[in-house]
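So the chains spell out like this:
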Amino acid sequence: KTALSFVPTNVSCKTAPSSPAATSSSSETMEPQLQIDMLADLPTGNDKESRRQRRLMRNRLSAQRSRDKRRRDIEVYTKLKAQKVEEIASMKKTVTEEMEGLKKLEEMVKFAK
């Protein structure tokens, strides 16, 4: 695991499961409507077990949405970081070129005296 300098160190990220079978049952790639349909298929009774099953499913869906959002955010910030690194490299090159030009001008002034 590589540390990303722009991600706070107190944020924990779990890695995705390595087996393809583990990811196929995940609701990670499900459409929001399918997730809502899953909730509709849950027991509708007011008994303790029905409420528990609904709560567990809501919790799972909420946790998955949170993981998906975190992944999207990391992708966005990774791209942003790459852009900033490129911008910084370009600016450093510009500064180097300007410094070389300044040195040449200083030498010309010194030679003219």
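1. What about the overall build of the protein chain?
Broken down by element type, the protein chain carries three helices and zero strands. Traced from its N-terminal end to its C-terminal end, the protein chain shows the element sequence α-α-α. Sorting the 113 residues of the protein chain into buried and exposed places 9% on the buried side. Sequence separation of at least 24 residues holds for 47% of the intrachain contacts in the protein chain that already meet a minimum separation of 6. Accessible area of the protein chain: about 10100 Å², with a carbon and sulfur share of 57%.

2. Some points on the confidence of the model for the protein chain
With 65% of its residues at a pLDDT of 70 or more, the protein chain has an overall mean of 78. The lowest-confidence element of the protein chain is helix α1 (residues 20-24), averaging 42 in pLDDT; the highest-confidence one is helix α3 (residues 48-112), averaging 95. Note that residues 1-28 has pLDDT below 50 and, in this model, 21 contacts with residues that lie over four places away or in other chains.

3. Let's talk about the environment of N46
Assignment of secondary structure puts N46 in the loop between α2 (32-40) and α3. The exposure class of N46 is exposed, given its relative accessible area of 62%. With residues up to four places along the chain from it excluded, the contact list for N46 reads R51 and R54.

4. Some remarks on the pattern of salt bridges
By the definition in use, this model includes four salt bridges. A salt bridge links E49 to R52; the nearest nitrogen and oxygen atoms lie 3.3 Å apart. Of this pair, E49 and R52 both sit in helix α3, three residues apart, which is roughly one turn of that helix. Judged by its relative accessible area of 39%, E49 is partly exposed. Taking relative accessible area as the criterion, R52 reaches 36% and is therefore assigned partly exposed.

5. Observations concerning the side chain of S50
Inspection of the secondary structure assignment puts S50 in helix α3. Not counting residues within four places of it along the chain, the set of residues in contact with S50 comprises P43 and G45.

6. Description of the side chain of R54
With respect to the helices and strands, R54 occurs in helix α3. Of the side chains bearing the opposite charge, D47 lies closest to the buried R54, which forms no salt bridge; the N-O distance is 6.3 Å.

Scoring rules and cut-offs
Residues numbered from 1 in each chain as written. Predicted model: local features only at pLDDT ≥ 70, side-chain atom pairs only at ≥ 80, totals over all residues. Heavy atoms only, no water. Helix = DSSP H or I, 4+ residues; strand = E, 2+ residues; numbered from the N terminus. Buried < 20%, exposed > 50% of the residue type's maximum accessible area, 1.4 Å probe, protein only. Contact = heavy atoms within 4.5 Å. Areas by Shrake-Rupley, 256 points an atom, 1.4 Å probe, with all protein chains shown as cover. pLDDT = per-residue confidence, 0-100. Salt bridge = Lys/Arg side-chain N within 4 Å of Asp/Glu carboxyl O. Lys, Arg positive; Asp, Glu negative; His and termini not counted.

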